[in-house]
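A closer look at the structure
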Amino acid sequence: MKTRRWNEAYLFLTPYIVMFGTFIIIPVLVAIALSFTYFNTVEMPRWLGFKNYIDLLTHDEIFMQHVLPNTIKFALIVGPGGYLISFLLAWMLAQIPQKPRTILALIIYSPSMTMGVAMAVVWTIIFSGDQAGYINSLLLNMGLINAPIQWLQSPEHLMTIMIIVSLWSSMGVGLLAMLAGVLNIDQSIYEAGYIDGVRNRFQEIFYITIPSMKPQMLFGAVMAVVTTFQAGDIGVQLSGGNPTPQYSGQLIVNHISDYGLIRYEMGYASAISVILIIGVYMLSKFSWKLFGEKE
């Protein structure tokens, strides 16, 4: 009987295992293998050992001087910033009645569903470099500038705009998970907390809300990490080219696309991908340390 139940469980898990293995496990293993080779998509891969990793860390000036600092800056602002904003919005939405909460949650969540379209249409119009751009038009009418600013082609402004757009579009599945977590907290815990000495909303959040929704906080943290490191196309879509102007918005995902899809150096691109995977894994483990259940 027990064996039959195990067989039934594996039967239901089989589609997921097959899809996960086909589209996640196998591509990761292939990328790791190719990272030790020279592969131009035409000839057979040629074994290089650790040369790609050595070149990446010692000879790739673009990676060390632009890509890595840009990625760290972008991740440190967008990741924690979007995560904190998601939690605060989820907490505030939980304080209002159901109907307006549902409408506002849909409005806040919708940018994450239309991210590519919104970037290509809305934000490029807002930051357009001519007089028709909303920001330039507003500043010109106010007399703050004398000529239109090339926002999306300016190395001084591109990263800031990327961060703004990313924060605007970061309210995705993590926000909904946190909202569900806040709404499912037993209200009697709050009552007990106020009896035991909780005096204000800040203490309520710190001592009751966050500890009571650690699974949702962990899920939101992992999603924030993954989403942040996948957001490399933002700079390319805003500026219109890869690499971005003077590499000012070049992130590690752009560097992978540059070598893999433009230069067809798949082995080197795979080495960069492995570095990215390691970074995401380490940050995910750190998130687990913060919000994972302690045995």
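Residues numbered from 1 in each chain as written. Predicted model: local features only at pLDDT ≥ 70, side-chain atom pairs only at ≥ 80, totals over all residues. Heavy atoms only, no water.

**Observations regarding the packing of aromatic side chains**
For the record, the criterion: Each Phe, Tyr or Trp ring (for Trp, its six-membered ring) is paired with any other whose centre lies within 6.5 Å, and the angle between the two planes then decides the class: stacked below 30 degrees, edge-to-face above 60, tilted in between. Buried residues are those whose accessible area, probed at 1.4 Å on protein chains only, stays under 20% of the maximum for their type, while exposed residues exceed 50% and partly exposed ones sit between those limits. Think of it this way: any DSSP run of H or I at least four residues long counts as a helix, any run of E at least two long counts as a strand, and we number them from the N terminus. Here, a charge over a ring is recorded when the distance from Lys NZ or Arg CZ to the ring centre is within 6 Å and its angle to the ring normal is within 35 degrees.
One pass over the structure, following the stated rule, counts 11 aromatic pairs. On the basis of an interplanar angle of 50 degrees and a centroid distance of 6.4 Å, the ring pair of Phe-50 and Tyr-53 is categorised as tilted. Accessibility expressed as a relative area gives 14% for Tyr-53, which makes it buried. A ring pair is formed by Trp-123 and Trp-168, whose centres lie 5.3 Å apart and whose planes are at 75 degrees; its orientation type is edge-to-face. One end of the pair, Trp-123, is in helix 5 (residues 115-126); the other, Trp-168, is in helix 7 (residues 158-168), with 45 residues separating them in the sequence. Through successive ring pairs, a cluster of aromatic residues spans Phe-36, Trp-47, Phe-50 and Tyr-53. Directly above the aromatic system of Tyr-259 lies the positively charged group of Arg-263, at a separation of 4.1 Å from the ring centroid.

**What to know about the nonpolar core**
Test applied: Definition of nonpolar core: a set of buried residues of the types Ala, Val, Leu, Ile, Met, Phe, Trp, Tyr and Cys, connected through side-chain atoms within 4.5 Å. Residues count as neighbours in contact if any of their non-hydrogen atoms are within 4.5 Å of one another.
The biggest cluster of nonpolar side chains holds 19 residues, and the ones touching the most others in it are Phe-74, Trp-123, Phe-127, Ile-161, Met-162, Ile-234 and Leu-238. Every element with two or more residues in this core is listed here: helix 3 (61-93), helix 5, helix 7 and helix 12 (233-239). Examining the composition of this core, we find that six residues originate from one element, helix 7, more than from any other. Apart from the residues within four sequence positions on either side, Phe-127 is in contact with Ile-135, Trp-151, Leu-152 and Ile-161. Ala-90, Ile-108, Val-182 and Met-217 belong to the second largest nonpolar core, which has 18 residues in total.

**Observations concerning the pattern of salt bridges**
Applicable threshold: By salt bridge we mean one thing: a side-chain nitrogen of Lys or Arg within 4 Å of a carboxyl oxygen of Asp or Glu.
As enumerated under the stated definition, the model contains three salt bridges in all. With a shortest N-O distance of 2.7 Å, Lys-51 and Asp-55 are connected by a salt bridge. Taken together, the residues span about one helical turn, with Lys-51 and Asp-55 both in helix 2 (residues 51-58) at a distance of four residues. As a salt-bridge pair, Arg-201 and Glu-204 come within 3.7 Å of each other at their nearest N and O atoms. Pair noted here: Arg-201 and Glu-204 are both in helix 10 (residues 201-212), with a separation of three residues, about one helical turn. By relative accessible area, which is 42% here, Arg-201 ends up partly exposed.

**Structural notes on empty space enclosed by the protein**
As a reminder of what qualifies: We place a 1 Å grid over just the protein atoms. Points where a 1.4 Å probe fits but has no way out form a cavity, open points with protein on both sides within 12 Å along at least 5 of 7 lines form a pocket, and any residue with an atom within 4 Å of a point lines it. Grid points are joined across faces, edges and corners, and a volume is the space filled by probe spheres set on the points. Think of it as three bins: nonpolar holds Ala, Val, Leu, Ile, Met, Phe, Trp, Tyr, Cys and Pro, charged holds Asp, Glu, Lys and Arg, and polar takes everything else, Gly as well.
The final tally for this structure, using the stated rule, is one cavity of 30 Å³ or more. Each pocket or cavity is described by its volume, and for the largest cavity that value is around 40 Å³. If you trace the largest cavity, you find 10 residues lining it, with Thr-71, Thr-228, Phe-229, Leu-251 and Ile-252 closest to the centre. Broken down by element, the lining of the largest cavity gets its largest block of residues, three residues, from helix 3. A per-class count over the lining of the largest cavity returns seven nonpolar, three polar and no charged.

**Some details on helix 11 (residues 214-229)**
Going by this rule: Helix span, expected: 1.5 Å multiplied by one less than the number of residues in the helix. Along the arc lie the directions from the helix axis toward the C-beta atoms.
With 16 residues, helix 11 extends 23 Å from end C-alpha to end C-alpha; this agrees with the ideal 22 Å at 1.5 Å per step. By the burial criterion, the buried members of helix 11 are Met-217, Leu-218, Gly-220, Ala-221, Ala-224, Val-225, Thr-228 and Phe-229. Projected down its long axis, helix 11 shows its buried positions confined to an angular sector of 165 degrees, all on one face.

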